[in-house]
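Descriptive analysis of the structure
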Amino acid sequence: MDPGTPDDEWREDCAPRRVLELFATKWTSMVLHTLHARHGGAARTGVLLRSLPGISKKMLTQTVRDMEASGLIDRHVASVMPPVVEYRLTDLGRRFVEPVELLYGWGRANADALDALRPRATSRRG
């Protein structure tokens, strides 16, 4: 938004704030990216867990539940024993992959700028 735009464009439910709320946790964008870039839009729980170093099983479960509730992914359970659970990007999820990929591409192209950032107190970066 440009300086001087009307106050109603800065309201709490404006589009930029809703986008940032969606990606407030790092794992949402990483699950979208991983499903899209590494697994063709669908993957089983264990595959996702192994594809996302640093995520706990509990955090993955919470993240995919939130993403399913938001409509970004669908959960499919196969009727076999033991049950097989697979997560698939929805049409909406595929729309959100585009800005994630742009952001990740920018990060790869500007790694020097990211390296120049001072780590936050809560950062795992050394």
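Just so we're clear, the structure is a prediction, and the values are computed from it rather than from any experiment. Note that residues are indexed from 1 along each chain, following the sequence as it is written. The predicted origin of the model limits local features to residues at a pLDDT of at least 70 and limits the giving and counting of side-chain atom pairs to 80 or more, whereas totals for whole chains, interfaces and linings rest on all residues. The side-chain values count all of the structure's non-hydrogen atoms but skip hydrogen atoms and water molecules.

1. Quick word on the sheet that holds strand β3 (residues 84-89)
The condition is simple: We call two strands paired when DSSP finds no fewer than two bridges between them. Segments assigned H or I by DSSP are reported as helices when at least four residues long, segments assigned E as strands when at least two residues long, and all are numbered from the N terminus. Interaxial angle, 0 to 180 degrees, is taken between N-to-C directions of lines fitted to C-alpha atoms, where a helix line uses only the stretch in contact.
Spatial strand order, β1-β3-β2: three strands in an open sheet with antiparallel pairing. The open sheet has two edge strands, β1 (42-44) and β2 (73-78), and neither has a second partner. With direction set aside, neighbouring strand axes in the sheet form an average angle of 25 degrees. Inspection of the sheet shows β2 paired to β3 by six bridges, in the antiparallel sense. The residue of β3 that forms the bridge with aspartate 74 is arginine 88.

2. Structural notes on the nonpolar core
For clarity, the cut-off: Only buried residues count toward a nonpolar core, which is a set of Ala, Val, Leu, Ile, Met, Phe, Trp, Tyr and Cys residues joined through side-chain atoms within 4.5 Å. Think of it in three bands: with a 1.4 Å probe and only protein chains considered, a residue is buried below 20% of the maximum accessible area for its type, exposed above 50%, and partly exposed in between. Every residue pair with non-hydrogen atoms within 4.5 Å of one another is taken to be in contact.
Ranked by size, the top nonpolar core spans 19 residues in total, and within it Leu35, Leu48, Leu60 and Ile73 carry the most contacts. At the level of elements, α2 (26-39), α4 (57-70), β3 and α5 (91-109) are the ones that each hand at least two residues to this core. Residue contributions to this core peak at four residues, all from α2. Sequence-distant contacts of leucine 35, defined by excluding residues within four places in its chain, comprise Gly40, Gly41, Ala42, Ala43, Leu48, Ile73, Tyr87 and Leu89.

Distances and angles like these do not, on their own, reveal function.
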